[in-house]
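Remarks on the overall topology
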Amino acid sequence: MKKNKVILEIILAFFIYDCVNYIFFRNNPAFATMKPHPYWLVVLLISSRYGFVPGVITGLIASAHLLIAVFGGIPSKTDIEKLIEYQNFITPIGFTIVGAVLGSIRQGYINSEREKRQSFEKLEGASKMLQGKLEAADKMRTVLEARIVGETTTVKTLYEVAKKFDILDETSIYKGCLDILAKYFQVEKASIYVISGGYYIIKAFIGWQKETAVEGKIAAGNTIMDIAQDSASTITVKDIIAYDRANKYRAEYGKVLAMFPLKNESGEVFGVVNIEKMDFLSFTNPNIQLIEIIINWAARSLCNKRLFDHMKRERIMDEKLSIFTFEHFNDVVAAEFKRARVFGLDLAVAIVKLNQFGLHSAPEQDIISRALIALMGRFMHDADMLFRYRYEGTFAVVSPMKKEKDIAGAFDNITGEMARTMKGAGAKEAPLEIVVGISGMTTHMSAPQDLLTPALKKCGIAHV
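Residues numbered from 1 in each chain as written. Predicted model: local features only at pLDDT ≥ 70, side-chain atom pairs only at ≥ 80, totals over all residues. Heavy atoms only, no water.

This part takes up the nonpolar core. L181, V187, F260, L262 and I291 are the most contacted members of the largest nonpolar core, which totals 29 residues. Put simply, the parts of the chain that give this core at least two residues each are α7 (170–185), β1 (187–196), β2 (199–206), β5 (258–263), β6 (269–278) and α10 (285–314). (Core = buried A, V, L, I, M, F, W, Y, C linked by side-chain atoms within 4.5 Å. Buried < 20%, exposed > 50% of the residue type's maximum accessible area, 1.4 Å probe, protein only. Helix = DSSP H or I, 4+ residues; strand = E, 2+ residues; numbered from the N terminus.)

Here is the structure:
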């Protein structure tokens, strides 16, 4: 590329000279009589820039150009003798000699610069090689650090695992599991799927691009994760290839390095953790075994969370307010409705809603709720059952063997006393409004919803 550039510059320079000579100095071919000669400019520039060979070539071309232009072609022996006799040979020979001498001086600097550049490139290559070895050594140190059981790092790792899994929140457990894999096992890309309704539903991921990080689901039976579910054991790349029906998932080869099933207490698989990219130095059998322990730990935490949620749903009493829970409300209403209908008994249901309840702070909400519950306990009959309804600041009362009018008076006393209590606490007027919806059992009602709907509508609640 550089050689072509030199040739192009020489040709272009002499072409420009010839054009100027022909247009402006037609009677003076090759500027033969001009002092100093214009060709010196190109000879000096080329030789001082590109070195010995380009300098000699430029000098020779300038000399030949001058001689051919003066003699109208290639000069004969007689022409050269006359040129020497009249001492007009100094300029043509000078072009070549000066080009060679100046080019030789410049060539020395070019050679020195080339040697320095080569030395620098060698040093740069050696530096990169050392940097690569340093990075590899650092990764090895990190891996070894995580492997030594007696080291403080390992104890800290176990403590971090315990903290991340010792929380009863599914989202935090998913995220904590992936954070541990990224921090201590150099996992760069991973995802967690949970099986539900015949689909693998994604719950958490790391290392995904924004355009692919979309909540979604994959049909069971059409994904490579089926192998982990069928085997109920850890699956690595080599296990996938050896699987009987591996050809079915050929399109997904290379997408995962390892798959770890999430199993419940009975050994049933309810999810899969995929490791899709991790540092090759960390992808070892001991690390795979440690990761398996971590994921089993996460699975146990998820099972405990689900058991806790189930027990919470089955709980009858609200521990905070010492009243019945909303989950128990529907069962009681259904049972009392059936009894009232079979034996022809009265039944009344009341919904109590505190408007603007959400505008108060959490401590204020707690005080207001406890005050209202205390008043209802004071004015309602012992047989009346008080429940916490679906929404915050909303309560329900089920009154067996009572008509709507039987409990209406009690609620008048409750709302009045509540307003006086709020004023006595320092407010000029009650900071919230108590709305009560009461509905009584009638003969045309055929389902518990028929009893609840009128009460809910009176409180501005659209559905049961």
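In this section: the sheet that holds strand β4 (residues 235–236). On the basis of which strands lie adjacent, the open sheet formed by six strands has the order β3-β2-β1-β6-β5-β4 and antiparallel pairing. Strands with a single pairing partner mark the edges of an open sheet, and in this sheet they are β3 (217–219) and β4. When β1 meets β6, the two strands line up antiparallel, connected through seven bridges. Within the sheet, the bridge partner assigned to Y193 lies in β6 and is V272. Packed on one face of the sheet, α7 meets β1, β2 and β6 and runs near 155 degrees to β1. (Pairing = 2+ DSSP bridges. Contact = heavy atoms within 4.5 Å. Axes fitted to C-alpha atoms, helices over the stretch in contact; angles between N-to-C directions.)

Take the packing of aromatic side chains next. Tallied over the entire structure, the rule returns seven aromatic pairs. Ring geometry for F205 versus W208: centroids 5.1 Å apart, planes at 15 degrees, classification stacked. Connected via pairs of aromatic rings, a cluster forms that spans F324, F326, F329, F387, Y389 and Y391. (Phe/Tyr/Trp six-rings, centres within 6.5 Å; stacked < 30°, edge-to-face > 60°.)

Quick look at a nonpolar patch on the surface now. A cluster of nonpolar side chains, contributed by L12, F15, I16, V20, I23, F24 and F25, occupies part of the molecular surface with about 710 Å² of accessible area. Positionally, I23 belongs in helix α1 (residues 2–24). Given the relative accessible area of 56%, I23 is considered exposed. (Patch = residues over 30% accessible without salt bridge, like charges linked within 9 Å, V, L, I, M, F, W, Y side chains within 5 Å. Areas by Shrake-Rupley, 256 points an atom, 1.4 Å probe, with all protein chains shown as cover. Salt bridge = Lys/Arg side-chain N within 4 Å of Asp/Glu carboxyl O.)

Bringing the environment of G99 into the picture now. Here G99 shows up in helix α5 (residues 90–147). In this structure G99 comes out as buried when scored by relative accessible area, which is 0%. Along the backbone, G99 and V42 are 57 residues apart, and their C-alpha atoms lie at a distance of 9.6 Å. In this structure, G99 is in contact with V43, S47, F52, G55, V56 and G94, ignoring residues within four places of it in sequence.

Let us now look at the packing of helix α11 (residues 326–343) against helix α14 (residues 448–458). For any two helices packed against each other, one specifies the inter-axial angle together with the distance between the axes. Across the interface, α11 lies against α14 with an axial gap of 9 Å and an inter-helix angle of 115 degrees. In this structure, α11 meets α14 at a crossing whose hand is right-handed. Of the residues in α14, those in contact with F329, V333, A334 and F337 of α11 are P448, L451 and L452. Broken down by class, the residue content of the contact of α11 with α14 amounts to seven nonpolar, no polar and no charged. (Left-handed = near helix turned anticlockwise from the far one by under 90°. Nonpolar A, V, L, I, M, F, W, Y, C, P; charged D, E, K, R; others polar.)

Glancing now at the pairing of β6. Burial within β6 is extensive, with nine of its 10 residues counted as buried. Where β5 lies against β6, six bridges are found, and the strand directions are antiparallel. From the neighbouring strand, K263 faces β6, where its bridge partner is V269. Linking β5 back to β6 in an antiparallel pair, the connection comprises five residues, with G267 at a positive phi of about 90 degrees.

For the rest of this paragraph, the subject is the pairing of β2. When β1 meets β2, the two strands line up antiparallel, connected through seven bridges. Looking across to β2, one finds that Y193 is bridged to I202. Between β1 and the antiparallel strand that follows it, β2, lie two residues; G197 among them carries a positive phi value of about 60 degrees. Relative to β3, β2 runs antiparallel, the two being bridged by three bridges. Opposite Y199, over in β3, you have A219 as the bridge partner.

With that settled, consider the pattern of salt bridges. Per the counting criterion, the structure on display carries 10 salt bridges. Here D384 makes a salt bridge to K402, at a shortest N to O gap of 3.0 Å. Of this pair, D384 sits in the loop between α12 (362–379) and β10 (385–388) while K402 is found in the loop between β11 (394–400) and α13 (404–424), placing the two residues 18 residues apart along the sequence. The exposure class assigned to K402 is buried, which follows from its relative accessible area of 16%. In this structure, E417 engages R420 in a salt bridge whose closest nitrogen and oxygen atoms are separated by 2.8 Å. Linking E417 with R420, this pair stays in helix α13, spanning three residues, or about one helical turn. Given the relative accessible area of 52%, R420 is considered exposed.

This part is about the confidence of the model for the chain. Summing up the model confidence of the chain, the mean pLDDT is 78 and the portion of residues at 70 or higher is 81%. At the low end of the mean pLDDT range in the chain sits helix α4 (residues 77–85), at 54; at the high end sits β11, at 92. (pLDDT = per-residue confidence, 0-100.)

Turning our attention to the environment of I461. Mapped onto the elements, I461 comes out in the segment after α14. According to the relative accessible area criterion, I461 is buried, its value standing at 7%. In contact with I461, not counting residues within four places along its chain, are I351, Y391, T394 and L456.

Take α12 next. The end-to-end C-alpha distance of α12, which contains 18 residues, comes to 26 Å, matching closely the 26 Å that a straight helix rising 1.5 Å per residue would cover. By the burial criterion, the buried members of α12 are Q365, I368, S369, L372, I373, L375 and M376. Burial along α12 is one-sided: seen end-on, the buried residues are contained in an arc of 160 degrees. Opposite the buried face of α12, by more than 90 degrees, sit the exposed residues P363, I367, G377 and R378. (Expected span 1.5 Å × (residues − 1). Arc of directions from axis to C-beta.)

Looking now at the side chain of T394. Considering the arrangement of structural elements, one finds T394 in strand β11. A relative accessible area of 4% means that T394 is categorised as buried. Ignoring anything within four residues of it in the chain, the contact list for T394 reads I351, V352, K353, R388, Y389 and I461.

A positive phi angle, close to 55 degrees, is found at A232, a residue other than glycine. Mapping A232 onto the fold places it in the loop between α8 (225–231) and β4. Under the relative-accessibility criterion, A232 is labelled partly exposed at 23%. In this model, M401 sits at a positive phi of 60 degrees, which is unusual for a non-glycine residue. Look at M401 and you get exposed, because its relative accessible area is 59%.

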